[in-house]
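Next come the chains, spelled out residue by residue.
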Amino acid sequence: MSQLLFTKDTQAIFWNNNASAIQRMLDYDFVIGRKTPSVAAIVAPTADSKFQKFFWGGDEIMINLYKTTAEAKKAHPNADVLLNFASFRTAYDVTMEALDLGGFRVMMITAEGIPERLARKMNATANAQGVTVIGPATVGAITPGAFKIANIGGTIENIVSSKLHRAGSCGLVTRSGGLFNELSNIIAINADGIAEGVAIGGDRFVGSVFIDNLLRMQDNPQVKYMLLLGEVGGIEEYKVIDAVKSGKITKPIIAWCIGTIAKHYSSGVQFGHAGASANAERETADAKNKAMAEAGIYVPESFNDLPNKIADVYNKLKSEGVITEIAEPEIKTLPQARKSKNFICTISDDRGDEATYAGYPISSVATPETGFSIGDVMSLLWFKKRYPKWATNFIETVVKTVADHGPAVSGAHNARVTARAGKDVISSVVSGLLTIGPRFGGAIDGAAKHFKYGYDNGLSPAEFINHMKKEGIPIPGIGHRIKSLRNPDLRVSGLKKYANESFPSTPLLDYALEVEQLTTSKKDNLILNVDGTIGVLMVDMWRALDYNDDEIDVFIEAGALNAFFVLGRCIGFIGHVLDEKRLAMPMYRHPFDDILYDVHKAEDL
Ligand code: ACO
Ligand code: LMR
């Protein structure tokens, strides 16, 4: 049996952030009680944000935005439908790229006016790969109760009144989207609705044609009979006639070709669709209606008679027991007024009986017997993942290593001076924290960023040093006021030892150590310092944990690496402030003799 077009689990990647169409899909999902949104991801090449909020019933959900189809597909491999809402200028490239990527089962192309030569090439490529293309120039398709593309079926009210919220018995294929909606309504009134429906599109060269869709419906057990609305022009209807005659299609078909009016005009008339023009007698609506009737297809006298024909076939199938009564499902209703939320939180939730850290109730991580350490809590709240022991041990080693470095360092000094000015613990600690920056404790992000750049771009250590010189930036993570080759920083030795013993590999540390060999050969205090060691090892850790470059870059840009120093050094600053308070030290004033005064009388201008 061929695959069903869509199921309740089908998910799509939506190319172009067409928010209102996507919202309609999600409203439909909600009303029919889907568990997952039918749109898994959006490709929005020019968007700056990473997600877009949509309503899910009265609530809101976030759908991720990606710059390319490749990124979206990589992040959502299960999404096997591409909804290509690119303009006619871009739609071809988008489709071809997606075909090249693979992993898509169905592609729908909405653009009208794709050059015919390109449309043919696109369709042939898809066909060769067994990909079903719906369109171009279409509103799409629907499997009621499972999945609906964008605007097909219209508003939710119209969808429910046309019974498009749950599966009926008819398989509907049209060219036109407008008439698709009209017919869905007629079928809902005269029968029990549709099981699957496709508007194949109005262009001359569309991907899947009538016969492709009808053959799939023949294999779909939910479809009991089919309705084909053809139109003047082309010979696709004859393929259906052949399939009926050869017995490939056995389910009853009702069919009508619109455009019978064309004979009343003196010359060939071009109707709305690019394909709707008869180039030969065989292509006229009358000829096709006649041939279909002769093949045993149910053809009404006129379009006006179509509803009666539908009722006849439906009632016949019902009396034969082929169609049984459908139990109407409960429909969820959308709230009248919906309010967009101002804040989004993805790390913790305090709404239940107990607050959670990335899904873990606090009681399951807080006490010793839970086995969770502070490194686990950090990985949950900072990175929303539970890291393996070797990584949380590293995080804790970092925090412990940077907790303090004596009273003389910039931050501790400031915290102490502030405490002695009579300020409280919070103010004093914050003054210490505000001192953390690119020269003191805050070089970790910079070190990660620049060493990563050098390594990933294949710069030799010497080239890297030159590159940084040209940029005019002292290499973050290199150099120390008092530590040097002769007075090594044992904190760095400890971190390197831990990494060598516990990390799967340390390529960026190895690279930074080669750089250090060159810088220390110039001046022996230009060592890889504690900030630099932490920076490169964090990148090594994340790479070993399978984070990709984009994710790591986001951490670096956000300042996540300096945050390890901030957290750790807070412990030390608090210690220094409490020390000052305990000692009840008086206000500090810097001695005159430690300041070089070089002040002259200001010139009068
Ligand atoms: N990259 C390249 N050259 C450097 C670097 C560096 N990171 N640091 C110093 N140099 C060079 C200077 O250009 C200077 O060269 P010159 O003698 O030819 O003029 C020489 O080394 C001495 O420079 P100073 O600024 O006097 O070095 P100092 O020992 O005072 O500076 C400091 C120490 C501030 C840490 C410096 O090395 C630096 O800015 N490093 C980068 C920032 C950094 O990693 N900070 C974190 C330190 S660890 C911590 O705070 C926990
Ligand atoms: C620190 O950790 O604070 C030190 O490495 C900085 C310093 O100046 O010693």
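Given the structure is predicted, the values throughout are model-derived calculations rather than measurements.

What should I look at first to understand helix α13 (residues 410-420) in this one?
Residues three or four positions apart in an α-helix share a direction because the helix packs 3.6 residues into each turn. Every buried residue of α13 is listed here: G411, A412, A415, R416, T418, A419 and R420. Buried-residue contacts for α13 involve α14 (425-433) and α21 (560-583). G422, located one to two residues past α13, shows a positive phi value of around 95°.

Would you explain the environment of I465 in this entry?
Within the element layout of this structure, I465 appears in helix α16 (residues 461-471). When the C-alpha positions of I465 and L518 are compared, they lie 8.6 Å apart, and in sequence the two are 53 residues distant. Beyond its immediate sequence surroundings of up to four residues, I465 is in contact with I475, V515, L518, T519 and K522.

Explain the packing of helix α15 (residues 444-456) against helix α20 (residues 549-558) here, please?
How two helices pack is summed up by the angle between their axes together with the distance between the axes. Contact geometry for α15 and α20: axes closest at 9 Å, N-to-C directions at 150°. Taken together, the axes of α15 and α20 lie roughly antiparallel to each other. Handedness of the α15/α20 crossing: left-handed. Facing D445, A448, K449, K452 and D456 of α15, the residues of α20 in contact are D549, I552, D553, F555, I556 and E557. Its residues placed into classes, the contact of α15 with α20 shows 4 nonpolar, no polar and 7 charged.

Help me understand the site of ligand 2 in this model?
Every residue close to ligand 2 is listed here: H405, V409, F440, H480, R491 and R569. Bound to the protein, ligand 2 loses 83% of the 270 Å² it would expose on its own. Its residues assigned to classes, the shell around ligand 2 shows 2 nonpolar, 2 polar and 2 charged.

Conventions and cut-offs
- Residues numbered from 1 in each chain as written.
- Chains lettered and ligands numbered in written order.
- Predicted model: local features only at pLDDT ≥ 70, side-chain atom pairs only at ≥ 80, totals over all residues.
- Heavy atoms only, no water.
- Buried < 20%, exposed > 50% of the residue type's maximum accessible area, 1.4 Å probe, protein only.
- Helix = DSSP H or I, 4+ residues; strand = E, 2+ residues; numbered from the N terminus.
- Contact = heavy atoms within 4.5 Å.
- Axes fitted to C-alpha atoms, helices over the stretch in contact; angles between N-to-C directions.
- Parallel < 35°, antiparallel > 145°, perpendicular 65-115°, else oblique.
- Left-handed = near helix turned anticlockwise from the far one by under 90°.
- Nonpolar A, V, L, I, M, F, W, Y, C, P; charged D, E, K, R; others polar.
- Near = heavy atom within 4 Å.
- Areas by Shrake-Rupley, 256 points an atom, 1.4 Å probe, with all protein chains shown as cover.

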